[in-house]
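# Residue-level structural notes
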Amino acid sequence: MPRQRHPGPRTRPGRSGRPAPRPRPDVVDPEVGREVELEIGPVAHGGHCVARLDGRVVFVRHTLPGERVVARVTETGSRFWRADAVEVLEPSADRVPSAWPQAGPGGVGGAELAHVELGAQRAWKAAVLAEQLSRLAKLDREVDVEAAPGDVERGGLGYRTRIELVADAEGRAGMRRFRSHDVEPLTAMPLATQDVADLAEAEGVWTRRWTPGARLELVAPAGGADPVLLVDGTPWRRGRADTRPNARRAVTEALHLGDGRDFRYRVSADGFWQVHREAPGVLVGAALAALGDVDGAQVLDLYSGAGLFTLPLAAAVGAAGRVVAVEGDARAVKDARRNAHDLPGVELHLGAVDRVLADGDAGGSAVGRADAVVLDPPRAGAGRAVVDAVAARGPARVVYVACDPAALARDVAYLASHGYGLTGLRAFDLFPHTHHVEAVAVLDR
């Protein structure tokens, strides 16, 4: 992750999904808006459950398996329909009052499981991950999804250190409705940390009238470092745009590992960074534990971003080892060069990962062998070309950090064709109240 611009795992350029295009105004679908009674079946990848209407598959949001609901049809197609549950006739025992009612039927995207008890949310995600592994990788494996530290106590709220808003036609800050360009105005964002909420209050985000269509990015790093508000990419400070050439456009992020090691990163405020306050420590800790002893090894760090994994990997390989990092976003590589400037054992490559692995970066520098590989691809996954190039370098172990169960399962199958078996898997609920789940998979040959 996550990358997705609304509350979802990832905000790296090129990783986002965009709202579905609006239907042509002169085309009226008589089925859209129709209300039907449905018996709800199993969960499916994407934050909905499966039901059937006259033999047709209907993906239904805002419901739970086993429920009987009245659902409003929102979209039709030749292969399946979509619908929102608008009335619950027979509720599941796992249904709770929504943690964010504005994310309910017809509301904003980004909290489609807010009506599900937190433990049941993790069970939902575990079921989806297990189903994708079984269907796409032909692996039957029990999956447990772990809560991030502090989330149970907070009810799964207050975890996002970064949020993105957009101004509606009247200039009110809000978020787009699910699969729509329409903006729902907000007066709060329950998934945001208190530091983000304080920044919004200080800058009048919810009370000010902004230019219609303006994009607002609020960034407040975990640990209380100086927050940043960007409005259409321009820093905003004390109620006005800060147009000075030296206006601050970056933040300092901190990574704290359980063994007492700390790392600091300078990251562009509108660049990619994990949004859950605990995600960097959770994912890096899991990846390092999965990697094992790599002292003196050459480790390939793919989709390396601003260097989240690069810096602790450099510490893990030691003075005799080397970390080769590859990232396609120029701004992220610029941040990574700053963050790793004093680490002689780090080699950075700018370019699309598949191209750099195949031909070298823009300067003609090629990526050689690897004793181990860590990769953290976008939601689309690594893909066959990257997997083939990874396997060709002969690593004994691949640690795959995934933000999409389907992409992970597909790439696990590709790796299996090169003799790699899935020997470890941990999954983490780093996006409570959404269907997104992160996983760290270990593959050995």
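Residues numbered from 1 in each chain as written. Predicted model: local features only at pLDDT ≥ 70, side-chain atom pairs only at ≥ 80, totals over all residues. Heavy atoms only, no water.

## What to know about the overall build of the protein
- Each helix and strand in the protein was counted, giving 8 helices and 23 strands.
- In terms of overall dimensions, the protein is globule-like: its C-alpha atoms have a radius of gyration of 22 Å, near the 22 Å expected for 445 residues.
- By the burial criterion, 56% of the 445 residues in the protein qualify as buried.
- Accessible surface computed for the protein: about 18700 Å², of which carbon and sulfur atoms make up 49%.
- The protein carries 56 positive and 59 negative side-chain charges, and their two centres are separated by 5 Å. (Helix = DSSP H or I, 4+ residues; strand = E, 2+ residues; numbered from the N terminus. Rg over C-alpha atoms; globule rule 2.2 N^0.38 Å. Buried < 20%, exposed > 50% of the residue type's maximum accessible area, 1.4 Å probe, protein only. Areas by Shrake-Rupley, 256 points an atom, 1.4 Å probe, with all protein chains shown as cover. Lys, Arg positive; Asp, Glu negative; His and termini not counted. Charge placed at Lys NZ, Arg CZ, Asp CG, Glu CD.)

## A look at the sheet that holds strand β2 (residues 43–44)
- Pairing within the open sheet is mixed, and its 6 strands lie in the order β1-β5-β6-β4-β3-β2. With one partner strand each, in any of the chains shown, β1 (35–39) and β2 form the two edges of the open sheet. (Pairing = 2+ DSSP bridges.)

## Considerations on the nonpolar core
- Counting residues in each nonpolar core, the largest one holds 70 residues, and the members touching the most others are L165, V205, W210, L216 and L218.
- It is helix α3 (residues 279–291) that contributes the most residues to this core, 9 residues altogether.
- Those residues in contact with W210 that sit more than four places away from it in its chain are A167, G171, A173, E203, G204, V205, L216, L229, V231 and W236.
- The next biggest cluster of nonpolar side chains, apart from the first, holds 40 residues, and it includes L302, V398, L425 and A441. (Core = buried A, V, L, I, M, F, W, Y, C linked by side-chain atoms within 4.5 Å. Contact = heavy atoms within 4.5 Å.)

## Structural notes on the pairing of strand β3 (residues 48–53)
- The sheet contact formed by β2 and β3 spans 2 bridges and is antiparallel. When the sheet's bridge partners are listed, V43 is paired in β3 with C49.
- In textbook terms, the turn of a hairpin is the stretch between consecutive antiparallel strands, and for β2 and β3 this stretch comprises 3 residues, one of which, G46, has a positive phi near 120 degrees.
- Hairpin remark: β3 followed by strand β4 (residues 56–61), antiparallel, with 2 residues in the connecting loop; positive phi at D54, about 55 degrees.

## Side note on the pattern of salt bridges
- Within this structure, the stated rule accounts for 27 salt bridges.
- Here R277 and D151 are joined by a salt bridge, their closest N and O atoms 3.0 Å apart. Of the two residues, R277 is situated in the loop between β16 (262–268) and α3 and D151 in the loop between β7 (145–147) and β8 (162–167); the sequence distance between them amounts to 126 residues.
- Assessed through its relative accessible area of 14%, R277 is described here as buried.
- R162 is the partner of E253 in a salt bridge, and the nearest nitrogen-oxygen pair spans 3.3 Å. With E253 in strand β15 (residues 250–256) and R162 in strand β8, the pair connects residues that are 91 residues apart, well separated along the chain. (Salt bridge = Lys/Arg side-chain N within 4 Å of Asp/Glu carboxyl O.)

## Here we look at the sheet that holds strand β23 (residues 438–444)
- The 8 strands lie next to each other as β7-β22-β23-β21-β20-β17-β18-β19, forming an open sheet whose pairing is mixed. Where the open sheet ends on each side, the last strands, each with one partner, are β7 and β19 (346–350). Neighbour to neighbour, the strand axes of the sheet diverge by 15 degrees on average, direction disregarded.
- For β7 and strand β22 (residues 421–429), the ladder comprises 3 bridges, and the chain directions are parallel. Along β22, the bridge assignment pairs E146 with F428.
- Where α3 meets the sheet, its contacts fall on β17 (298–302), β20 (372–375), β21 (397–402), β22 and β23, and the angle it forms with β21 comes to roughly 165 degrees. (Axes fitted to C-alpha atoms, helices over the stretch in contact; angles between N-to-C directions.)

## Focus: the pairing of β21
- β21 sits mainly inside the fold: 5 of its 6 residues count as buried.
- One ladder, built from 4 bridges, connects β20 with β21; its direction is parallel. Directly across from A372, in β21, lies its bridge partner R397.
- Considered for its hand, the β-α-β crossover made up of β20, helix α7 (residues 384–392) and β21 is right-handed.
- Bridge count between β21 and β23: 6 bridges; the pairing is antiparallel. Directly across from V401, in β23, lies its bridge partner V440. (Right-handed = clockwise from strand over helix to strand, strands pointing away.)

## Structural notes on unusual backbone geometry
- Of note in this structure, D232 is not a glycine but carries a positive phi near 50 degrees.
- Of note, D232 is situated in the loop between β12 (228–231) and β13 (234–237).

## Considerations on the packing of aromatic side chains
- Overall, the coordinates contain 3 aromatic pairs when judged by the stated rule.
- Measuring from ring centre to ring centre gives 5.0 Å for F59 and F80, while their planes differ by 65 degrees; the resulting arrangement is edge-to-face. Note that F59 is positioned in strand β4 and F80 in the loop between β5 (68–75) and β6 (81–90), a separation of 21 residues in sequence.
- When its relative accessible area of 19% is taken as the criterion, F59 is described as buried.
- Arranged with centres 5.0 Å apart and planes meeting at 55 degrees, the rings of Y265 and W273 form a pair that is tilted.
- Note on W273: relative accessible area 3%, which makes it buried.
- Across the ring face of F178, the terminal group of R61 is positioned such that the distance to the ring centre comes to 3.5 Å.
- Positioned above the aromatic ring of W210 is the side chain of R208, whose terminal nitrogen or guanidinium carbon lies 5.5 Å from the ring centre. (Phe/Tyr/Trp six-rings, centres within 6.5 Å; stacked < 30°, edge-to-face > 60°. Lys NZ or Arg CZ within 6 Å of the ring centre and 35° of its normal.)

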